[in-house]
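# Descriptive analysis of the structure
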Amino acid sequence: MSKFIFLVPLFPLAGFLINGLLRRRISKSFSGLIGSAAVLASFVVSLLIFFEVKEENFHPVIVTLFEFMHAGKLSIPFSFLVDPLSVLFLLIITGVGFLIHVYSTSYMQEENAPAYAKYFCYLNLFVFSMLLLVLGSNYVILYIGWEGVGLCSYLLIGYWFKNQEYSSAARKAFVMNRIGDFAFLIAIFALINQFGTASFGEIFQQAPKATTGLITMVTLLLFAGATAKSAQIPLYTWLPDAMAGPTPVSALIHAATMVTAGIYMVARSHVLYDLAPVSQTVVAVTGLATAILAASIAIKQNDIKKVLAYSTVSQLGYMFLGLGVGAYTGAVFHVMTHAFFKALLFLGAGSVIHAMGGEQDIRKMGALKKYLPITHITFLLACLAIAGVPPFSGFFSKDEILAAAFVKNPLYYIIGVAGAMMTAFYIFRLYATTFLGKFRGTADQEHHLHESPAPITFPLIVLAILAVLGGFLGIPEIFAKDSHMLGHFLQPVFAGHEKMITESPVSVSTEWMLMGISAGLATIIVIFAWMRFSRKPELGEPAGFGNWLANKWYVDELYQAVIVKPLNAFADFLNRVVEKNVIDGMVNGAGRLVQYGSRQIRYLQSGQVGGYVLLMVLGIVILFVVQLFLRK
Amino acid sequence: MPINYYIFLSVALFCIGVAGVLTRRNAIIVFMCIELMLNAVNLLMVAFSKMHHAALAASDPNAGINGQLFVFFIMVVAAAEVSVGLAIIAMLYRNTHSVDINFLNRLKH
């Protein structure tokens, strides 16, 4: 079955081509159907392959399609790697992707047919690229998918291209991603230079022979690429702006899949990171700092999607923290649970925005729970999951990361728990302000409030079930032996780290205590935020320190002043001075030189016989001299 | 006499001829200087032919005859060229009543 792996990216590619080429000729329902069916077909094939991979004695399979690049001794095949890690990501991408496609068929109904088809075309292209990314068996195929998802992110954020602001946001996302791509590319070059190959298996086998310095440099460059793609400090500012795109796009790309590409890449390269402890510390510290920074900003945001965007940045920080302390299974587990509850949160937000007729400011919402019952319940479940309240999924995955962080350095744990408390606070601030209390919008909006139709509520319900039950795939071993099913599934990939799951380096009582502390604190903050914001929603302008948070710590302004303005000034200088004077000068100057030269040479043709004779004599004399004296 | 004397004389005559061609204004004088150049070359040819004959007389009694033969060719060419050239100058004079070469710059138009 795993030799049919090529079908998995093929279906979305076919969907992309059909929707893209026929977009002016097909109806809306047809294009929606093609788009969703393509991803569903991929999901079914992924599921079948999953069952095969789950067997005890499965070996990772490499399925080669063709020779992609060949230069001397370097050979880069276009091949897919079927192993537990890639299959897990396949299921997440195609499963959550399918639900989002179904959701989009209803959410994007207001668009005209060609634009609707364009949306599904881009979405399918995105799924195709993401699948290439996780299936690639070498860094080059991964990079192809990496760039593809960056492109699709640009196309989809700027979907409503007639709006100047949205187009700027799309451009910002793409440019910031390119910075990371550049670092990634340098890393690939270094790897090929050192090992003569880009394939994962071969590189990881030969990795111990390289110097630590080189491995550290490569892993730092790879992480820099992940920083841009997965929105970590310092390249995270594109993600909140990316909320300009349609909400299902935010759900798919900026919550569940694209931003997790960085996590996947680091997890895949764990062999290299294990050899470079410096990089691991950088990854962990950056992740932790990002988690705290983004959570602090989210506390004061008033746009429903911006809160969720900063929440995504923060949760990604947790995942990188997990990777940095060696809890690779925990990080991947959190990717999975985060895909469920964050996609649910975004889709629920979309449902709310639709009901409110396009309003996104939570200060104008309230009491939505009686108008949008299904959305309300699913949103609440997602909030409980992300806050880390047991027994929802977020608790298990976040706790696994925090426990591993405690082992590495108790300070990581303390700061991580502080971030978790902030997470619980801002998400329940969002929940209470939106769904509880009194309705604060206009009477017109109140008339318009209605629960969303089935294509929207069905994915919400499915994702809610997953968000609630998903945690049980990774129950820590202290409860029962072999209970960490996900850990055992991923064990062949993260060989050497499975000990983190089976025998924890801390005593059982310590682990119970850690779990209890994080669960207890999360629950307390949830109740506190619930009470506070349902009674008195935050309507006023922020003051003092709150101002700093509401203005995102002025990071955007800092980048604008330090990087964007000098670059623009430099480009302006090049345009006005260099382009005009130097380059145009050279071209025009060549023309003027020729004209001047010809004016001077024209004097030779005087018509005077004497002049001509003189030239003839001179020529003969020169020939004479050359012949006699200069040629030996 | 050493060959050098003949060479110097011939070169001097040739240079005088060249200077005359470049400098003089009267077309007929220019023609005379061209004749002077040709005759300088004739002189050199004969001188070299005598030199070769003197050097090689023992082995080959006809050595150096080529130079003197070629002098005849040069003279014939000179005569032909003079006749044509003078005819052209006569036509030019009939049309412009002048043999001043600075005046004869019709090639420009």
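Each value, and the rule that gives it
- Residue positions are given per chain, counted from 1 along the sequence in the order it is written.
- Just so you know, chain letters begin at A and ligand numbers begin at 1, following the order they were written in.
- With the structure being a predicted model, the display of local features is reserved for residues of pLDDT at least 70 and the display and counting of side-chain atom pairs for 80 or more, all residues being used for whole-chain, interface and lining totals.
- Numbering of helices and strands starts at the N terminus; helices are DSSP runs of H or I of at least 4 residues and strands are runs of E of at least 2.
- Throughout, radius of gyration means the C-alpha value; the globule benchmark is 2.2 Å times the number of residues raised to the power 0.38.
- The exposure label follows from counting other C-beta atoms within 10 Å of a residue's C-beta, where the C-beta atoms are placed from the backbone and the thresholds are 20 or more for buried and 12 or fewer for exposed, leaving partly exposed in between.
- By the criterion used throughout, residues are in contact when their C-beta atoms, derived from the backbone, lie within 7 Å.
- By the convention adopted, Pro, Cys, Tyr, Trp, Phe, Met, Ile, Leu, Val and Ala count as nonpolar, Lys, Arg, Asp and Glu as charged, and the other residues, Gly among them, as polar.
- The criterion for strand pairing is that DSSP finds at least two bridges linking the strands in question.
- Residues enter a nonpolar core if they are buried, belong to Ala, Val, Leu, Ile, Met, Phe, Trp, Tyr or Cys, and are joined to the set through C-beta atoms within 7 Å.
- Just so you know, the domain bounds were taken from an automatic or database domain assignment.
- A helix is expected to span 1.5 Å multiplied by its residue count minus one.
- Lines fitted to C-alpha atoms define the axes here, with helix axes fitted over just the stretch in contact, and angles between the N-to-C directions of these axes take values from 0 to 180 degrees.
- An angle below 35 degrees is treated as roughly parallel, one above 145 as roughly antiparallel, one from 65 to 115 as roughly perpendicular, and anything else as oblique.
- Residue-level confidence of the predictor is what pLDDT reports, using numbers from 0 through 100.

## Notes on the overall build of chain B
Summing up its helical and strand segments, chain B has three helices and zero strands in all. Helices and strands appear in chain B in the N-to-C order α-α-α. The C-alpha radius of gyration computed for chain B amounts to 18 Å, which surpasses the reference 13 Å derived for 109 residues by more than 25%, pointing to a less compact arrangement than a globule. Dimensions of chain B along its principal axes, counting C-alpha atoms only, are 60 × 25 × 20 Å. Counting across all 109 residues of chain B, residues that qualify as buried make up 7%.

## Focus: the overall build of chain A
What chain A contains, in helices and strands, is 26 helices and two strands. C-alpha atoms of chain A, sized along the principal axes, occupy 110 × 65 × 55 Å. Counting across all 632 residues of chain A, residues that qualify as buried make up 50%. Across chain A, the fraction of contacts at a sequence separation of at least 24, relative to all contacts at a separation of at least 6, is 80%.

## Quick look at the interface of chain A and chain B
Counting residues at the interface gives nine residues for chain A, matched by nine residues for chain B. When its residues are assigned to classes, the side of chain A that touches chain B shows four nonpolar, five polar and no charged.

## Describing unusual backbone geometry
Of the consecutive residues A:Ile233 and A:Pro234, the connecting peptide bond is found in the cis state with omega at 0°. Looking at the secondary structure, you find A:Pro234 in the loop between helix H8 (212–229) and helix H9 (238–241). The phi dihedral of A:Ala367 falls on the positive side, at around 55°, and the residue is not glycine. The topology assignment puts A:Ala367 in the loop between helix H15 (328–355) and helix H16 (373–387). With a phi angle near 55°, B:His97 is a residue other than glycine that sits in the positive phi range.

## Describing the pairing of strand E1 (residues 61–71) of chain A
Of all eleven residues making up E1(A), only zero are buried, and the element is barely covered by its neighbours. Between E1(A) and the antiparallel strand that follows it, strand E2 (residues 74–82) of chain A, lie two residues; A:Gly72 among them carries a positive phi value of about 65°.

## So, the nonpolar core
Residues A:Ala343, A:Leu344, A:Ala382, A:Ala424, A:Phe428 and A:Ala467 are the most contacted members of the largest nonpolar core, which totals 202 residues. When residues are assigned to domains, this core turns out to be shared by domain 1 (1–137) and domain 2 (138–550) of chain A, each giving three or more.

## Thoughts on H8(A)
All names here are of chain A. Taking 1.5 Å per residue, 18 residues should reach 26 Å; H8 reaches 25 Å between its end C-alpha atoms and fits that length. What H8 keeps buried is the set Ile 215, Val 218, Thr 219, Leu 221, Leu 222, Phe 223, Ala 224, Gly 225, Ala 226, Thr 227, Ala 228 and Lys 229. Buried-residue contacts for H8 involve helix H5 (139–157), helix H6 (164–195), helix H11 (261–268), helix H12 (270–274) and helix H13 (277–298). Just beyond H8, the residue with positive phi is Ala 231, at close to 55°.

## Considerations on helix H3 (residues 65–96) of chain B
Residues and elements named next belong to chain B. Taking 1.5 Å per residue as the helical rise, H3 with its 32 residues ought to reach 46 Å, and the 47 Å between its terminal C-alpha atoms agrees with that figure. The buried fraction of H3 amounts to zero of the 32 residues, a small share that puts the element mostly on the outside. Immediately downstream of H3, the backbone of His 97 shows phi near 55°, a positive value.

## Here we look at the pairing of E2(A)
Across nine bridges, E1(A) lies against E2(A) in antiparallel orientation. Across the sheet, A:Ala71 pairs through a bridge with A:Leu74, a residue of E2(A).

## Focus on the packing of helix H2 (residues 27–56) of chain B against H3(B)
Residues and elements named next belong to chain B. Their axes nearest at 8 Å, the elements H2 and H3 cross at an angle of 175°. Taken as axis vectors, H2 and H3 run roughly antiparallel relative to one another. Seen from H2, the contacting residues are Ala 27, Ile 28, Phe 31, Glu 35, Leu 38, Val 41, Asn 42, Met 45, Val 46, Phe 48 and Ser 49; seen from H3, they are Ile 65, Asn 66, Gly 67, Gln 68, Phe 70, Val 71, Ile 74, Ala 78, Val 82, Gly 85 and Ile 89. Looking at the contact of H2 with H3 residue by residue, the classes come out as 15 nonpolar, six polar and one charged.

## Here we look at the environment of B:Asn42
Residue and element names in this part refer to chain B. Within the element layout of this structure, Asn 42 appears in helix H2. Along the chain, Asn 42 and Val 71 lie 29 residues apart, while their C-alpha atoms are 5.6 Å from each other. Those residues within four positions of Asn 42 in sequence are excluded, and the remaining contacts are Val 71 and Ile 74.

## Section: the domain arrangement of chain A
All names here are of chain A. Taken domain by domain, chain A holds domain 1 (1–137), domain 2 (138–550) and domain 3 (560–630). With centres defined by C-alpha atoms, the gap from domain 1 to domain 2 works out at 22 Å. Opposite the 36 residues of domain 1 that make contact, domain 2 presents 49 residues. Those elements giving two or more residues to the side of domain 1 that touches domain 2 turn out to be E2, helix H3 (84–107) and helix H4 (113–135). Looking at the side of domain 1 that touches domain 2, the element that brings in the most residues is H3, giving 16 residues. Residues of the side of domain 1 that touches domain 2, tallied by class, amount to 26 nonpolar, seven polar and three charged.

## Here we look at the packing of H5(A) against H6(A)
Axes are the key here: two packed helices are described by the angle between their axes and the distance separating the axes. All names here are of chain A. It is at 8 Å that the axes of H5 and H6 come closest, and there the two elements cross at 170°. As judged from the angle between their axes, H5 and H6 are roughly antiparallel. Along its contact with H5, which presents Tyr 139, Val 140, Tyr 143, Trp 146, Glu 147, Gly 150, Ser 153, Tyr 154 and Ile 157, the element H6 presents Tyr 166, Ala 169, Ala 170, Ala 173, Phe 174, Asn 177, Asp 181, Phe 184, Ile 188 and Leu 191. Across the contact of H5 with H6, the residue classes tally to 14 nonpolar, three polar and two charged.

## Examining the confidence of the model for chain B
Residue and element names in this part refer to chain B. The share of residues in chain B with pLDDT of 70 or more is 96%, and the mean pLDDT across the chain is 89. Summarising per-element confidence for chain B, the mean pLDDT is lowest in H2 (92) and highest in helix H1 (residues 3–23) (94). If you check the scores for this complex, the pTM reads 0.81 and the ipTM reads 0.82.

## Focus: the environment of A:Gly150
Residue and element names in this part refer to chain A. Within the fold, Gly 150 resides in helix H5. Take Gly 150: there are 22 C-beta atoms within 10 Å of it, and that puts it in the buried class. When the C-alpha atoms of Gly 150 and Phe 126 are compared, they prove to be 8.7 Å apart, with 24 residues separating the residues in sequence. Among residues more than four places away in sequence, those in contact with Gly 150 are Phe 174, Asn 177 and Asp 181.

## Focus on the environment of A:Lys209
Here A:Lys209 shows up in the loop between helix H7 (200–206) and H8. Residues A:Lys209 and A:Phe195 lie 14 residues apart in sequence; the distance between their C-alpha atoms is 9.6 Å.

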